[in-house]
Amino acid sequence: MKILVAILLIGAGVWLFHTGWIQRDSLKGRTQRVLAGVASHLEGSRQFPEHTWFMLGGGAMAALGAGLLVLGKRN
């Protein structure tokens with residue numbers, strides 16, 4: 001069961017990271033990057049575009065799935 005959950009987490013993480021990567025290269029991603037830079041300058045706090053959160057979340061899910069896969073094989 002752990003192995004199935006790990007594979008699903010890895011697949012979902014890769015898909016989410018890929019979605020963020022594609023969005024980063026689109027017009028929407030470039031616009032969000034510019035607007036986040038302007039907002040960061042005006043507010044003083046760091047703002048991140050939406051695709052950054054997709055890529056971070058996908059990487060975390062894939063890493064969690066890989067860790068679960070390694071632990072599932074040890075036990």
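Residues numbered from 1 in each chain as written. Predicted model: local features only at pLDDT ≥ 70, side-chain atom pairs only at ≥ 80, totals over all residues. Heavy atoms only, no water.

### Describing the overall build of the protein chain
Point 1. In terms of helices and strands, the protein chain carries 3 helices and 0 strands.
Point 2. Counting from the amino terminus, the protein chain carries its helices and strands in the arrangement α-α-α.
Point 3. Rg of the C-alpha trace for the protein chain: 16 Å, well past the compact-globule value of 11 Å for 75 residues, more than 25% over.
Point 4. Counting only C-alpha atoms, the protein chain reaches 50 × 25 × 10 Å along its principal axes.
Point 5. Here the protein chain, with 75 residues, has 21% of them falling under the buried criterion.
Point 6. Contacts in the protein chain between residues at least 24 apart in sequence constitute 71% of all its contacts with a sequence separation of at least 6.
Point 7. For the protein chain, the computed accessible surface area is about 5,300 Å², with 72% contributed by carbon and sulfur atoms. (Helix = DSSP H or I, 4+ residues; strand = E, 2+ residues; numbered from the N terminus. Rg over C-alpha atoms; globule rule 2.2 N^0.38 Å. Buried < 20%, exposed > 50% of the residue type's maximum accessible area, 1.4 Å probe, protein only. Contact = heavy atoms within 4.5 Å. Areas by Shrake-Rupley, 256 points an atom, 1.4 Å probe, with all protein chains shown as cover.)

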